Amino acid sequence: MFWFRSHRGDVLLIAALLTAAGVLALGLFLTRRDGGSVSVTVAGETVMELPLDADGSFPIDTDGGHNVLVIEDGSARMSEADCPDRLCVKTGAIRWAGESIVCLPHQVVVTVENGADGGFDAASR
Ligand SMILES: [Zn+2]
């Protein structure tokens, strides 16, 4: 019966993993409405962490050129860039955790993250 027991263990493990994945997905869904903050990295180095609930415009100067990140209405967008492709400007606004704006020529990446306290504070706000 050893095989049976080990097989049963696998099934339980898979069930546990599926449950964990479901809980994680639910957590992401519940916290989705508040993106929290954006992190700005230049060439892999984090240069700014900005809360999405504080409007403003933030110049990002890199060796490659100049970008302007605008935070407005809980979302972030690249309003100006002097990169050749301007894909970052065309990306538009981002607001959900995990979304990002990438400016390849300038090696600038703006990513929405949940705040340090996760979504719980946001949910009770
Ligand atoms: Zn760009």
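Thresholds, definitions, all that
- Residues numbered from 1 in each chain as written.
- Predicted model: local features only at pLDDT ≥ 70, side-chain atom pairs only at ≥ 80, totals over all residues.
- Heavy atoms only, no water.
- Helix = DSSP H or I, 4+ residues; strand = E, 2+ residues; numbered from the N terminus.
- Buried < 20%, exposed > 50% of the residue type's maximum accessible area, 1.4 Å probe, protein only.
- Contact = heavy atoms within 4.5 Å.
- Pairing = 2+ DSSP bridges.
- Axes fitted to C-alpha atoms, helices over the stretch in contact; angles between N-to-C directions.
- Salt bridge = Lys/Arg side-chain N within 4 Å of Asp/Glu carboxyl O.
- Donors = N, O, S within 2.8 Å, 3.2 Å for Na, K, Ca; no water.

J.: Would you mind showing me how to read the overall build of the chain here?
T.: What the chain contains, in helices and strands, is 3 helices and 7 strands. Along the chain, helices (α) and strands (β) appear in the sequence α-β-β-β-β-β-α-β-β-α when read from the amino end. Taken over 125 residues, the chain has a buried fraction of 27%. Considering only residue pairs separated by 6 or more positions, the chain has 34% of its internal contacts joining residues 24 or more positions apart.

J.: Where do I start with the sheet that holds strand 7 (residues 108–113) in this structure?
T.: Each strand in a sheet pairs with its neighbour through backbone hydrogen bonds, running either in the same direction (parallel) or in the opposite one (antiparallel). As summarised here, the arrangement of the 4 strands in space is 2-1-7-6, forming an open sheet in which the pairing is antiparallel. Taken across any chain shown, the strands that pair with only one partner, and hence form the sheet edges, are strand 2 (45–51) and strand 6 (100–103). Across the sheet, the mean angle separating the axes of adjacent strands is 15° when strand polarity is ignored. Examined bridge by bridge, strand 6 and strand 7 share 4 bridges and lie antiparallel to one another. Paired with Ile101 across the bridge in strand 7 is Val110.

J.: What should I look at first to understand the side chain of Thr41 in this one?
T.: Note that Thr41 resides in strand 1 (residues 37–42). What makes Thr41 buried here is its relative accessible area of 16%.

J.: Sorry if this is basic, but what is going on with the pattern of salt bridges here?
T.: Pairs can form between side chains of opposite charge whenever their charged atoms are close. On inspection of all chains with the given rule, the structure shows 1 salt bridge. The partner of Arg77 in a salt bridge is Glu72, and the shortest N-O contact between them spans 3.1 Å. A relative accessible area of 30% places Arg77 in the partly exposed class.

J.: Would you mind going over unusual backbone geometry with me for this structure?
T.: If a residue is not glycine, its phi is most likely negative; likewise, a peptide bond is most likely trans. The backbone phi angle of Ala43 is positive, close to 50°, even though this residue is not glycine. Relative to the helices and strands, Ala43 is located in the loop between strand 1 and strand 2. Residue Ala43 is classed as partly exposed on the basis of its relative accessible area, which comes to 48%. Residues other than glycine seldom take positive phi values, yet Gln107 does so here, at roughly 55°. Given the relative accessible area of 51%, Gln107 is considered exposed.

J.: What am I meant to see in the coordination of the zinc ion here?
T.: Six octahedral donors around a metal ideally sit at 90 or 180 degrees from one another, while four tetrahedral donors ideally sit at 109.5 degrees. Note on the zinc ion: its protein donors are Cys83 (SG), Cys88 (SG) and Cys103 (SG). The metal-donor distances range over 2.2 Å. For the zinc ion, the single-chain donor residues occur in sequence as C-x4-C-x14-C. Here Cys88 is found in helix 2 (residues 87–91), whereas its partner Cys103 is found in strand 6, with 15 residues between them in sequence. In terms of burial, Cys88 and Cys103 fall into one category: buried.

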